[in-house]
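# Fold and geometry: a report
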Amino acid sequence: MAVCIAVIAKENYPLYIRSVPTENELKFHYTVHTSLDVVDEKISAMGKALVDQRELYLGLLYPTEDYKVYGYVTNSKVKFVMVVDSSNTALRDNEIRSMFRKLHNSYTDIMCNPFYNPGDRIHSKAFDNMVTSMMMQVC
Amino acid sequence: MADEALFLLLHSEMVAGLYRAAEQGEGENGRCITKLENMGFRVGQGLIERFTKDTARFKDELDIMKFICKDFWTTVFKKQIDNLRTNHQGIYVLQDNKFRLLTQMSAGKQYLEHAPKYLAFTCGLIRGGLSNLGIKSIVTAEVSTMPACKFQVMIQKM
């Protein structure tokens with residue numbers, strides 16, 4: 001399952017970032033930050049028809065020797081970045097897509113919460129629980 | 001279905017309630033319109049997030065405006081915008097010939113000066129939706145004959 005999940009606002013600052021092995025957190029923060037460049041590249045490559053321009057799911061952003069990074073961007077330019085352990089080869093594309101859908105649905109629910117100001121950090125318990133369910137398998 | 005009437009009645013009560021509260025308070029008329037517009041702004045942000053959850057990514061500004069005119073307007077007001085005009089330089093005029101929030105009021109000149117109060121929320125709705133999609137704008141509305149009205153969207157280039 002996922003090792004680190006981040007929600008990034010359209011101004012490119014993190015709204016929510018959580019990683020499972022809680023030591024080495026800075027490494028994941030850095031990875032997510034560098035992956036933002038790849039996300040921007042994919043979004044702006046719309047004119048060149050390299051990716052399916054109409055899709056929200058961006059796919060594998062880049063692999064490293066320990067883990068792979070996947071991206072998803074919403075229509076409101078909020079980006080979801082997921083870092084997955086490379087040793088977990090059983091994780092298929094469909095599963096990653098469904099995990100992003102769940103993230104998107106939870107994010108939409110947060111947006112509709114009248115007590116949430118768009119642009120603030122996300123403190124919702126429901127969102128936390130949903131993210132935990134996606135990350136729990138790794139100890 | 002009853003859900004349409006619910007929103008109409010709630011909206012009318014919202015406008016009336018705000019003005020009543022303003023009369024008892026400072027008596028500042030202009031602030032009510034701003035409050036209504038800000039309410040619409042926040043609601044628009046949430047609504048757009050929900051509506052664009054499953055749609056494909058937008059290619060450009062015109063695409064976004066067309067989405068607002070068709071899908072967004074249909075979901076909120078059960079009809080599409082009748083006419084969209086643009087000068088291709090960031091000004092769009094959305095014309096609705098039978099605006100749902102005004103049809104129940106009158107079809108003539110009787111309540112013309114009260115009409116802007118009922119349009120403020122919708123202006124905010126459009127502005128909030130656009131802002132969440134990454135477009136800064138100013139939305140104004142005008143009514144010449146009820147129940148037709150025009151919303152003018154001015155895109156701010158950053």
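Here the structure is shown first, and the text comes after it.
Owing to the predicted nature of the structure, the values given are computational and were not obtained by experimental measurement.

Conventions used here
- Within every chain, residues take consecutive numbers counted from 1 along the sequence as written.
- Ligands are numbered from 1 and chains lettered from A, in the order in which they are written.
- In keeping with the model being predicted, local features are shown solely for residues with a pLDDT of at least 70 and side-chain atom pairs are shown and tallied solely at 80 or more, while totals for entire chains, interfaces and linings include all residues.
- To obtain the side-chain values, all non-hydrogen atoms of the structure were included, while hydrogens and water were left out.
- The way it works is that DSSP assigns letters per residue, a run of H or I at least four long becomes a helix, a run of E at least two long becomes a strand, and they are numbered from the N terminus.
- Burial here depends on accessible area, computed with a 1.4 Å probe over protein chains only, as a share of the maximum for the residue type. Under 20% is buried, over 50% is exposed, and the range in between is partly exposed.
- In what follows, residue pairs with any heavy atoms lying within 4.5 Å of each other are defined as contacts.
- Pairing between two strands is assigned when DSSP locates at least 2 bridges connecting them.
- To get an axis, a line is fitted to the C-alpha atoms, and for a helix only the part in contact is used. The angle between two axes follows their N-to-C directions and goes from 0 to 180 degrees.
- Residues belong to a common nonpolar core when they are buried Ala, Val, Leu, Ile, Met, Phe, Trp, Tyr or Cys residues joined through side-chain atoms within 4.5 Å.
- A cavity here means a set of 1 Å grid points, computed over protein atoms only, where a 1.4 Å probe fits but cannot escape. A pocket is an open set with protein on both sides within 12 Å along at least 5 of 7 lines, and lining residues have an atom within 4 Å of a point.
- Grid points are joined across faces, edges and corners, and a volume is the space filled by probe spheres set on the points.
- Just so you know the grouping, Ala, Val, Leu, Ile, Met, Phe, Trp, Tyr, Cys and Pro go in nonpolar, Asp, Glu, Lys and Arg go in charged, and all remaining residues, Gly too, go in polar.
- One speaks of a salt bridge when a side-chain nitrogen belonging to Lys or Arg is within 4 Å of a carboxyl oxygen belonging to Asp or Glu.
- The term polar contact refers here to a pair of N or O atoms within 3.5 Å; inside protein, the definition further demands a hydrogen-donor-capable atom paired with an acceptor-capable atom, and it admits residues adjacent in sequence only when both atoms are side-chain atoms.

## A closer look at the overall build of chain A
- Looking only at helices and strands, chain A has three helices and five strands in total.
- Reading the secondary structure of chain A in the N-to-C direction produces β-β-α-β-β-β-α-α.
- Here chain A holds 139 residues, and the buried ones make up 45% of them.
- Partitioning the intrachain contacts of chain A with sequence separation of at least 6 by distance along the chain shows that 56% fall at a separation of at least 24.

## Considering the sheet that holds strand E1 (residues 83–86) of chain B
All names here are of chain B.
- Taken together, the four strands give an open sheet; going across it, the order is E1-E2-E4-E3, and neighbouring strands pair in antiparallel fashion. Sheet topology places E1 and strand E3 (137–142) at the edges, where each strand pairs with a single neighbour. Each adjacent strand pair in this sheet contributes to an overall mean axis angle of 15°, direction not counted.
- Sheet topology places E1 next to strand E2 (residues 91–96); four bridges connect them, and they run antiparallel. Within E2, the position partnered with Asn83 by the bridge is Gln95.
- Seen against the sheet, helix H3 (residues 61–77) touches E1, E2 and strand E4 (149–155) and runs at an angle of roughly 15° to E2.
- Against the sheet, helix H5 (residues 115–132) touches E3 and E4, its axis set at about 155° to E3.

## What to know about the nonpolar core
- If you look at the biggest cluster of nonpolar residues, it comprises 42 residues, and the most contacted ones within it are B:Leu94, B:Phe99, B:Leu102, B:Leu130, B:Phe151 and B:Val153.
- Those elements giving two or more residues to this core turn out to be helix H1 (2–24), helix H2 (29–51), H3, E2, helix H4 (100–103), H5 and E4 of chain B.
- With sequence-adjacent residues up to four places away left out, B:Phe99 is seen in contact with B:Trp73, B:Phe77, B:Tyr118, B:Leu119, B:Thr122, B:Pro147, B:Cys149 and B:Phe151.
- The next biggest cluster of nonpolar side chains, apart from the first, holds 29 residues, and it includes A:Leu56, A:Val78, A:Met111 and A:Ile122.

## Re the layout of surface pockets
- The calculated volume of the largest pocket comes to roughly 340 Å³.
- A:Lys10, A:Glu11, B:Gln45, B:Ser131 and B:Asn132 are the residues nearest the centre of the largest pocket, which is lined by 22 residues in total.
- Counting only elements with at least two residues in the lining of the largest pocket, the list comes to helix H2 (93–111) of chain A together with H2 and H5 of chain B.
- At three residues, the largest contribution of residues to the lining of the largest pocket is made by H5(B).
- Here the lining of the largest pocket is built from residues that sort into eleven nonpolar, seven polar and four charged.
- Around the second largest pocket, the lining residues are A:Met111, A:Cys112, A:Asn113, A:Pro114, B:Met39, B:Arg42, B:Val43, B:Gly46, B:Leu47 and B:Arg50.
- Of the residues assigned to the lining of the second largest pocket, the class counts are six nonpolar, two polar and two charged.

## Here's the deal with the interface of chain A and chain B
- Taken together, the contact between chain A and chain B spans 24 residues of the former and 18 residues of the latter.
- Where chain A meets chain B, there are one salt bridge.
- Note that A:Asp109 is salt-bridged to B:Arg50, the shortest N-O span being 2.8 Å.
- Summed over the shared surface of chain A and chain B, the number is nine residue pairs in polar contact (both at pLDDT 80 or more).
- Counting residues per element, the side of chain A that touches chain B draws most heavily on H2(A), at seven residues.
- Classifying every residue of the side of chain A that touches chain B gives ten nonpolar, eight polar and six charged.

## Some remarks on the pattern of salt bridges
- A complete count under the given rule lists seven salt bridges over all chains for this structure.
- Across the pair A:Arg18 and A:Asp128 runs a salt bridge, and its minimum N-O distance is 3.7 Å. Taken together, the positions of A:Arg18 in strand E2 (residues 14–19) and A:Asp128 in helix H3 (residues 125–135) put the pair 110 residues apart, joining distant regions of the chain.
- The exposure class of A:Arg18 is partly exposed, given its relative accessible area of 25%.
- Accessibility expressed as a relative area gives 25% for A:Asp128, which makes it partly exposed.
- B:Glu37 is paired through a salt bridge with B:Arg127; the nearest N and O atoms lie 3.0 Å apart.

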